Amino acid sequence: MQKNNLLSILVLFILLTFSCSDKNNKILTNSSAKIEQKVDSVLTLMTLKEKVGQMVQYNGSWDVTGPPSNVSDEEKFEKLKNGGVGSMLNVLSVKATREAQRLVMENSRLKIPLIFGYDVIHGYKTIFPIPLGESASWDLEIIKKSATIAASEASAAGVHWTFSPMIDISRDARWGRIMEGSGEDPYLTSKIGVAKVQGYQGEDLSINNTIAACAKHFAGYGFAEAGRDYNAVNIGEYELQNTILPPFKAAAEAGVATFMNSFNEIDGIPATGDKILQRNILKEGWNWDGFMVSDWGSIGEMIAHGYAKDKAHAAEIAANAGSDMDMESYAYEAHLEQLVEEGKVDISLINDAVKRILRVKFKLGLFDDPYKYCNEEREKTEIFTEENQTFAREVAKKSIVLLKNKGNLLPLSKDLKSIAIIGPLADDKDTPIGNWRAKGGTNSAVSLLEGIKNSVSSSTKIAYQKGVSILKEEYPKGRGFLMPLNFNTDDKSGIPAAVNAAKTAEMVVLAIGEVALQTGEGRSQTNIKLVGVQQELLEAIYKVNKNVVVVLMNGRPMDISWAAENVPSILECWHLGSQSGNAIADVLFGDYNPSGKLPVSFPHNVGQEPLYYNQKNTGRPFSPTHVTFSAYRDAPKTALYPFGYGLSYTTFEYKNLILDKNEILPNGEIKASVVITNTGNRDGEEVVQLYIRDLVGSLTRPIRELKGFEKVMVKAGETKTVNFTVNVETLQFYTINKKWEVEPGDFELWIGGDSTTSLKASFKVIE
Ligand code: BGC
């Protein structure tokens, strides 16, 4: 036995030395064939215990993002030394990752490096807009670049792996995690997910400023019933395939290194224990070779779901179903060896899981140099740089959506005599950092007040009044802070002073909405109006000054019906990140002409949720002659602000929608073009969107589906032609035959500036 050990260590030593000597030769280090050889060689050296160790992920206790365990740091250190852990999350800083890595490298038998994961969701320390906000830019280049910057900052601090992108389709404003994704549409979410994967992972994972990405949550998490986090999901196979899975397939095809499964069940089966999802669809069907990490404790949670009788049973189900790494359930380390010995989990499945994990570690170059991300110099100089701030401002301004601008109140002049800046979020330096803020510091954003001060001329008089607060004073703002039921204050004592300031000002900018921690994990709400006494403040201000610009900061679609009806201008500013105030000022004063478009529908009221543009028609769509059609009696059927919507300081006219053919075979191609003119007097960018409808299918099809978009700059007075290609990708869906197919029949196609555009053409797919 001892002799065997010695031999193994010698082989591993030779193997690793071999890798090191190839270190500068990228083709060799990265060639998949070489990596496969190395993975196989390491695997043959491993005992069952060591294999199980690779499948275990521990939290570092430094930053707890889920229910804490009762395993002490000392016990964790012992496990690391014994090769009992393959990965850690929330170990932050070069010093900490180096130390944890050292424990493994200096003590464990096989010295297999740890992979360190962290939720770098919208930036590491330079914070970009929350993902829902950034998605409103519809600008894949800047989205990719913000991921590149996030990866470079995170890797400079020792992080190897981000738990992003979150590509859960969500159509329910009540769900707090809607802020983490790209909204309601599978096509837009797919494109954004791929851009992020490319941004994080770059061309080559072994370079030390790229990190592994993680497509999450697999699958269906955004469809939690009634928008209540972790709730059951009840959808059929076709909805799963056509709506939820496409972004995941796109991420897998883009080479995302890892996936994370999800907390929810779908139709009675918890995703973590779902073999069809994880093995049949993802690993076999899509031929994906990365590894699947469980969500925090999701293996153990199968007990509470009523799907596993105890942890051993949960481990058995999860391992068989294809969950490769156990995040914080402590189920694999306790039971997997025995389950293999009892024949309840086949060793081939363990080997498969371990190979997947080792493969990613090899691709990252960790076997070449386990400390390659541990560079104190980089940590000091490459994080939160001036350059990154400049780019964060760029992304933030492109994420703003102009919802209303009656009488062209905006943009404002920089020479206004006086502006009243009012509202609970006007001088808030914390809210714009948003939830899932990684190392984004508390109160580290440029506030709106600061941004405006940086912009206006010295002759403009600024009067600031908070008016009201959102949170009760005693509630702290910390990351783990759990929002109590009535967290909002009802103190109106600041309203009179705010009204006074508004009375005498030429213009009022009113910053209202949601604080950072109102959205995110575990932050579902049934009320999506302005909470607390913000509505009272809004109405009181509007009463004395009609020149009101509402600056809305929020992480979910909100019910802003009153503002939409009354105030002249509304800017949707999400939680925009480190440069929030400067970016908003860029738009307020016209240095940047807004170009954002909603990635999610805004309802008239919460009762319409879930609300999305790509609905089914039903058997009883609107009828002017009958009462009994599918609608609400007390609210419109459509959105207050629809998907794809957003104004500009200029206007665009669309005409001449032309298809080069009106009939194609299922594998044929149509060129669609449209002519767009900037009819205003400012240059502006417009997101030109293409939608289709398949009129009759083997399954009912949505009334519209986004199938293409292009963001174009059109100068004032200029006319441009925008071209799209309609092909198999555009027309296929997962049909009754359980295949992706184009079905012959009639189609409609629209091109325009939002999902309600009426510029339409028709064509036919023939047999
Ligand atoms: C979340 C994941 C996250 C993980 C680690 C979980 O609670 O659902 O999205 O990546 O914690 O922090």
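For clarity, every value in this text was computed on a predicted model and none was experimentally measured.

### Some remarks on the nonpolar core
With 192 residues, the main nonpolar core has F218, F259, I584, L588 and Y641 as its most contacted residues. Element by element, the count of residues in this core is highest for helix α16 (residues 347-363), at 7 residues. Once residues lying within four places of it in the same chain are set aside, the contact partners of F218 are L245, F248, F259, M260, N261, S262, A271, L277, Q278, L282, W286 and M292.

### With respect to the confidence of the model for the protein chain
Residues with a pLDDT of 70 or more make up 94% of the protein chain, whose mean pLDDT is 94. At the level of individual helices and strands, the protein chain shows its lowest average pLDDT in helix α2 (residues 26-30), which scores 40, and its highest in strand β11 (residues 401-405), which scores 99. Counting contacts from residues 6-11, a segment whose pLDDT is below 50, to residues more than four positions away or on other chains yields 4 contacts. This model gives residues 17-30 a pLDDT under 50, and the stretch forms 21 contacts once residues within four places in sequence are excluded.

### Things to note about the pairing of β11
The buried count for β11 comes to 5 of 5 residues, which makes it a mostly enclosed element. As judged from the 4 bridges shared by β11 and strand β16 (residues 569-572), these two strands associate in the antiparallel manner. Counterpart to L402 in the pairing with β16 is L571.

### What about helix α12 (residues 275-285)?
Within α12, the full set of buried residues consists of L277, Q278, R279, I281, L282 and K283. You can read the cap of α12 off the contacts: a side-chain oxygen lies 3.0 Å from the backbone nitrogen of I276, and it is on D274. Directly after α12, the chain includes N287, whose backbone phi takes a positive value near 55°.

### Digging into the packing of aromatic side chains
Counted according to the given criterion, the structure contains 27 aromatic pairs. Here the aromatic rings of F218 and F248 are separated by 5.2 Å at their centres, their planes lie at 70°, and the arrangement is edge-to-face. One end of the pair, F218, is in strand β5 (residues 214-218); the other, F248, is in helix α11 (residues 246-253), and 30 residues separate them in sequence. Aromatic ring contacts, followed pair by pair, group W138, Y187, Y613, F643, Y691 and F709 into a single cluster. When the ring centre of F384 is taken as origin, the NZ or CZ atom of K125, which lies over that ring, is 6.0 Å away. Here K216 stacks its cationic end above the ring of W436, 5.5 Å away from the centre of that ring.

### Details of the packing of helix α19 (residues 448-455) against helix α23 (residues 580-588)
Packing of α19 against α23 brings their axes to within 7 Å, and their N-to-C directions diverge by 50°. One way to sum up the angle between α19 and α23 is to call them oblique. Along this stretch, α19 crosses α23, giving a crossing that reads as right-handed. For the pair α19 and α23, contact is made by L448, G451, I452, N454 and S455 and by G581, N582, I584, A585 and L588, respectively. In terms of residue class, the contact of α19 with α23 is built from 5 nonpolar, 5 polar and no charged.

### Things to note about the sheet that holds strand β20 (residues 684-694)
Overall, mixed pairing links the 5 strands, which are arranged β18-β26-β25-β20-β21 in an open sheet. Of all the strands in the sheet, the pair left with one neighbour each is β18 (663-664) and β21 (705-714). Note that β18 and strand β26 (residues 760-765) share 2 bridges and pair parallel. Following the sheet pairing, I664 is matched in β26 by V765.

### Observations concerning the sheet that holds strand β2 (residues 87-89)
One open sheet accounts for 5 strands, arranged β4-β3-β2-β1-β10; its pairing is parallel. The strands lining the two open edges of the sheet, one partner per strand, are β4 (161-162) and β10 (326-327). Pairing analysis gives 3 bridges linking strand β1 (residues 56-59) to β2, with the strands arranged parallel. Note that in β2 the partner of N59 across the bridge is L89.

### Side note on unusual backbone geometry
Leave glycine aside and you will find that most residues have negative phi; peptide bonds, for their part, are mostly trans. Put simply, S164 and P165 share a cis peptide bond, and its omega is 15°. Looking at the element boundaries, P165 is found in the loop between β4 and α9 (186-201). That bond from K216 to H217 is cis: its omega, 0°, falls within 30 degrees of zero. Topologically, H217 is positioned in strand β5. Residues other than glycine seldom take positive phi values, yet W138 does so here, at roughly 50°. Relative to the elements of secondary structure, W138 occurs in the loop between α7 (131-135) and α8 (140-156).

So, how was this worked out
- Residues numbered from 1 in each chain as written.
- Predicted model: local features only at pLDDT ≥ 70, side-chain atom pairs only at ≥ 80, totals over all residues.
- Heavy atoms only, no water.
- Core = buried A, V, L, I, M, F, W, Y, C linked by side-chain atoms within 4.5 Å.
- Buried < 20%, exposed > 50% of the residue type's maximum accessible area, 1.4 Å probe, protein only.
- Helix = DSSP H or I, 4+ residues; strand = E, 2+ residues; numbered from the N terminus.
- Contact = heavy atoms within 4.5 Å.
- pLDDT = per-residue confidence, 0-100.
- Pairing = 2+ DSSP bridges.
- Polar contact = N/O pair within 3.5 Å; in protein donor to acceptor, adjacent residues only side chain to side chain.
- Phe/Tyr/Trp six-rings, centres within 6.5 Å; stacked < 30°, edge-to-face > 60°.
- Lys NZ or Arg CZ within 6 Å of the ring centre and 35° of its normal.
- Axes fitted to C-alpha atoms, helices over the stretch in contact; angles between N-to-C directions.
- Parallel < 35°, antiparallel > 145°, perpendicular 65-115°, else oblique.
- Left-handed = near helix turned anticlockwise from the far one by under 90°.
- Nonpolar A, V, L, I, M, F, W, Y, C, P; charged D, E, K, R; others polar.

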